[in-house]
Amino acid sequence: MRITRRALIQASQPVALTIGNFDGVHLGHQAMLTRVKQAAKRLGIASCVMTFEPHPREFFAPDRAPTRLTNLREKLEYLAELELDQVQIFRFDSQFANISAEMFITHTLKRVLNVRWLLIGDDFRFGARRAGDLALLRQFASRPDGIELEVMPSFVIDGLRVSSTAIRDALACGNLDLAKCLLGRPYSISGRVVNGNKLGKKIGFPTANIQLKHNRPPLSGIFVVEITRQKNTFHAERIKGVASLGIRPTILDHGKPVLEVHLFDFDQDIYGQHLHIDFLHKLRDEERYPDLETLAKQIELDVAHAKAYFARVGTIPHETARLNSQHDYRLQKNPELA
């Protein structure tokens, strides 16, 4: 998969394109991307995704923007798994936000990206002040030099529209089963192991501190997790564990969210390594305890409950082992994803 961060002057080869933020790359997104690949194959052209960084709502109203389900690296990893040919990342800034709807079609889509076939969602809006809509696209598509246009209806499971918002709501209330149903996989966070205060080790439960790219994760609490660790280019290791994601009220009165993972039966040095954490089951919310001794006793109970969970459900299948794929190997060669 080829990743381009800067707009091309003019693409030489035509593409089949879809446009969106693709936060979470959930089952609705996956259905769209499958359709793009099918069209690209039929037309003999490349499949392409146009996405944005930062999220447009983060640009316009950072204080009210929704929390992200995936950071940029995670999103690109999921897109690579789906075997798209190209991803074009446009920086969403004031210049991009002020492009008129007509200019977005004639310049960005037609000239810069050389779009021959376009798939959009049924609620797609674009251009300055969101003036562009499906009617304008259809008007342009009807021209002799227009773009073949297809509209994707909402993707629905058991009467529920699959959306990033629905997944955020499920995670916020601890419904990991619903989030998994909408995502098509367990919700996960990836990040590098960084130095912490080593408090976990002092109270008998050493943890790996995972670097968070954003300060507002979509869930919090104590969780049963499975960790994927890259051992070499083509082999990954799965490790069971328990994780705490939150502000650690027993340790600090105020603080940023921290993700700490206690790995079962594991004592290797993994500082600097990139881990992928699947959230399988919520054990409880964060609590403030009067002292570290009480906290340690609660962690001991959390570990016991997590091990009981694994004894009950067994090992979780991992058909899409992200850290064990050649797509990830190619992504690792892009320094901007580190």
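Preceding this section is the structure that the text describes.
Residues numbered from 1 in each chain as written. Predicted model: local features only at pLDDT ≥ 70, side-chain atom pairs only at ≥ 80, totals over all residues. Heavy atoms only, no water.

A.B. asks: In this structure, what is going on with the environment of Ser154? I would like to understand it.
C.D. replies: Secondary-structure assignment places Ser154 in the loop between strand S6 (148-152) and strand S7 (156-157). The partly exposed category is assigned to Ser154, whose relative accessible area is 32%. As for Ser154 and Met32, which are separated by 122 residues in sequence, their C-alpha atoms are 10.0 Å apart. Setting aside residues up to four positions removed in sequence, Ser154 forms contacts with Asp122 and Arg161. Among the polar contacts made by the side chain of Ser154, one reaches the side chain of Arg161 at a distance of 3.0 Å. (Helix = DSSP H or I, 4+ residues; strand = E, 2+ residues; numbered from the N terminus. Buried < 20%, exposed > 50% of the residue type's maximum accessible area, 1.4 Å probe, protein only. Contact = heavy atoms within 4.5 Å. Polar contact = N/O pair within 3.5 Å; in protein donor to acceptor, adjacent residues only side chain to side chain.)

A.B. asks: Explain the nonpolar core to me, please; I cannot follow it from the model alone.
C.D. replies: For soluble globular proteins, the rule of thumb is that nonpolar side chains tend to be buried together. In terms of nonpolar packing, the biggest core is built from 31 residues, with Leu219, Leu259, Val261, Ile277 and Phe279 touching the most fellow members. Within the residue set of this core, elements represented by two or more residues are helix H7 (164-172), helix H8 (176-183), strand S9 (187-194), strand S10 (208-210), strand S11 (221-232), strand S12 (235-246), strand S13 (258-263) and strand S14 (274-284). For Val261, the contacting residues outside a window of four places in its chain are Pro206, Thr207, Ala208, Ile210, Val225, Ile227, Val242, Ala243 and Ile277. In this structure, Phe104, Leu113, Leu118 and Phe126 belong to the second largest nonpolar core, which totals 27 residues. (Core = buried A, V, L, I, M, F, W, Y, C linked by side-chain atoms within 4.5 Å.)

A.B. asks: What is the right way to read the sheet that holds strand S4 (residues 86-91) from this model?
C.D. replies: Reading across from one edge, S1-S4-S3-S2-S5-S6 is the order of the six strands in this open sheet, with parallel pairing throughout. Strands with a single pairing partner mark the edges of an open sheet, and in this sheet they are strand S1 (2-4) and S6. Neighbour to neighbour, the strand axes of the sheet diverge by 20° on average, direction disregarded. The pairing of strand S2 (residues 15-19) with strand S3 (residues 46-53) spans five bridges and is classified as parallel. Residue pairing in the sheet places Ile19 in a bridge with Met50 of S3. The strands touched by helix H1 (residues 27-43) are S2, S3, strand S5 (115-121) and S6; relative to S5, the strand with the most contacts, the crossing angle is about 160°. (Pairing = 2+ DSSP bridges. Axes fitted to C-alpha atoms, helices over the stretch in contact; angles between N-to-C directions.)

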